[in-house]
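# Structural overview
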Amino acid sequence: MNTYIVLLRGINVSGKNKLPMKDLREMLEKMKFKNVLTYIQSGNILLQSNSSKSEIAQSIHESINTKFGYSIPVIIRTPEEWNRAIDNYPFSLENEKIVAFSFLENGVGLEEIEVKGINDDQYKIVNDVVYLYCPSGFGKTKLTNNIIEKKLEVAATTRNLKTTLKMLELSKEVN
C-alpha cells in the first residue's frame, strides 16, 4: 500500500463548505482507504491505498460532491514529493509565520506571474509548488490561492510551514 498526503481546497473556511473531519474520515474509510488520518479542520488527510493519485483524487472529489454537495479540488502528493517540496524551499525558514507552500493540482511551465503590490513578499514557482515568503503576513499578502489559481490556471491550496511539516511527520507514522 502506498501512503498519500491529500489536501482539500476551501473547506471549513469562514463558515463555508463545512465538512466535519469525523464525517470525512468515515466517508474515506467506507471508500476502503486504509489508515485514514486527518489533521486540523482544513482538509489535510493521510491515507493508504493501492490506487493511483489521479484515481484517488477523482474518487474523493466525486464522493465529497455526492455526500456533502461541494465540488472542491483534491490535491495529492506522496511523502517523497512532500519532503522534496520542503527541502526545495528557497527562502529563509527562520520565521515560520511567514512561510507557506501552495501545492498545485498539476505542474506548470511558468516560473513567474505578474502580481501587483506584493511589496516585500516573495514567491518562487517550481513545477507543482509555489513557495511563499510573506513578511507582510498572510492576511495582507496579494499572493493568495485565488490569485495563484487565476494566473496559473490550475487549482492550488496553501499550507503554512507548521502544517506542512506536521503532515510529513504524520506520513512517517503511517508508513
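Everything in this summary refers to the structure shown in the same document. (Residues numbered from 1 in each chain as written. Predicted model: local features only at pLDDT ≥ 70, side-chain atom pairs only at ≥ 80, totals over all residues. Heavy atoms only, no water.)

## Focus on the pattern of salt bridges
Rules: Salt bridge, as applied in this entry: a Lys or Arg side-chain nitrogen positioned within 4 Å of an Asp or Glu carboxyl oxygen. Secondary structure elements are taken from DSSP: a helix is a run of H or I of four residues or more, a strand is a run of E of two residues or more, and numbering for both begins at the N terminus.
Going through the model one piece at a time under the given rule, you end up with five salt bridges. Between Glu26 and Lys22 there is a salt bridge; the shortest N-O distance is 3.0 Å. Of this pair, Glu26 and Lys22 both sit in helix H1 (residues 21–30), separated by four residues, roughly a single helical turn. We note a salt bridge from Asp128 to Arg77, for which the minimum N-O separation is 3.4 Å. You can see Asp128 sitting in the loop between strand E6 (122–126) and strand E7 (129–133) and its partner Arg77 sitting in strand E4 (residues 74–77), a full 51 residues away along the chain.

## Quick word on the packing of aromatic side chains
Where we set the bar: A pair of Phe, Tyr and Trp rings is counted when the ring centres sit within 6.5 Å of each other, with Trp represented by its six-membered ring. The angle between the planes then sorts it: under 30 degrees is stacked, over 60 is edge-to-face, the rest tilted. Residue burial is assigned from relative accessible area. The probe radius is 1.4 Å, only protein chains are included, and a residue is buried under 20% of its type maximum, exposed over 50%, and partly exposed in between.
In this structure the tally under the stated criterion is seven aromatic pairs. Ring plane angle 10° and centroid distance 4.2 Å describe the contact between Trp82 and Phe103, whose orientation is recorded as stacked. You can see Trp82 sitting in helix H3 (residues 79–87) and its partner Phe103 sitting in strand E5 (residues 99–104), a full 21 residues away along the chain. Just as Trp82 is buried, Phe103 falls in that class too. Centre to centre, the rings of Phe91 and Tyr133 are 5.7 Å apart; their planes meet at 35°, and the pair counts as tilted. Note that Phe91 is positioned in the loop between H3 and E5 and Tyr133 in strand E7, a separation of 42 residues in sequence. The class for Phe91 is buried, based on a relative accessible area of 17%. Given the relative accessible area of 18%, Tyr133 is considered buried. Here the aromatic cluster, defined as three or more aromatic residues joined through ring pairs, consists of Trp82, Tyr89, Phe91, Phe101, Phe103, Tyr131 and Tyr133.

## Notes on the layout of surface pockets
For clarity, the threshold we go by: Cavity and pocket criteria rest on a 1 Å grid covering protein atoms alone: a 1.4 Å probe that fits but cannot get out defines a cavity, protein on both sides within 12 Å along at least 5 of 7 lines defines an open pocket, and an atom within 4 Å of a point defines a lining residue. Grid points are joined across faces, edges and corners, and a volume is the space filled by probe spheres set on the points. Residue polarity follows a fixed list, in which Ala, Val, Leu, Ile, Met, Phe, Trp, Tyr, Cys and Pro are nonpolar, Asp, Glu, Lys and Arg are charged, and the others, Gly among them, are polar.
What the second largest pocket holds in volume is close to 250 Å³. Taken together, 16 residues make up the lining of the second largest pocket; nearest its centre are Ala57, Val74, Ile75, Ile76 and Glu105. At the level of secondary structure, the elements contributing two or more residues to the lining of the second largest pocket comprise helix H2 (53–68) and E4. Among the elements that line the lining of the second largest pocket, the one with the most residues is H2, at five residues. Among the residues making up the lining of the second largest pocket, the classes are represented as seven nonpolar, five polar and four charged.

## Here's the deal with the environment of Lys32
Residue placement: Lys32 occurs in the loop between H1 and strand E2 (34–39). The exposure class assigned to Lys32 is exposed, which follows from its relative accessible area of 61%. Measuring from C-alpha to C-alpha, the distance between Lys32 and Ser49 comes to 8.1 Å, with 17 residues separating the pair along the chain.

## Side note on the sheet that holds E5
Across a sheet, strands are paired by hydrogen bonds formed along the backbone, either parallel or antiparallel in direction. Worth spelling out the cut-off: Only when DSSP finds a minimum of two bridges between them are two strands counted as paired. The axes used here are C-alpha line fits, helices contributing only the stretch in contact, and every angle between their N-to-C directions lies in the interval 0 to 180 degrees. Contacts are assigned to residue pairs with any non-hydrogen atoms lying within 4.5 Å of each other.
Strand order in the open sheet formed by four strands is E6-E7-E5-E8, with antiparallel pairing between adjacent strands. Among the strands making up the open sheet, the edge pair consists of E6 and strand E8 (156–160). Taken pair by pair, the neighbouring strands of this sheet meet at an average axis angle of 20°, ignoring direction. One ladder, built from five bridges, connects E5 with E7; its direction is antiparallel. Across the sheet, Phe103 pairs through a bridge with Val129, a residue of E7. Contacting E5 and E7, H3 runs over the sheet at an angle of about 135° to E5.

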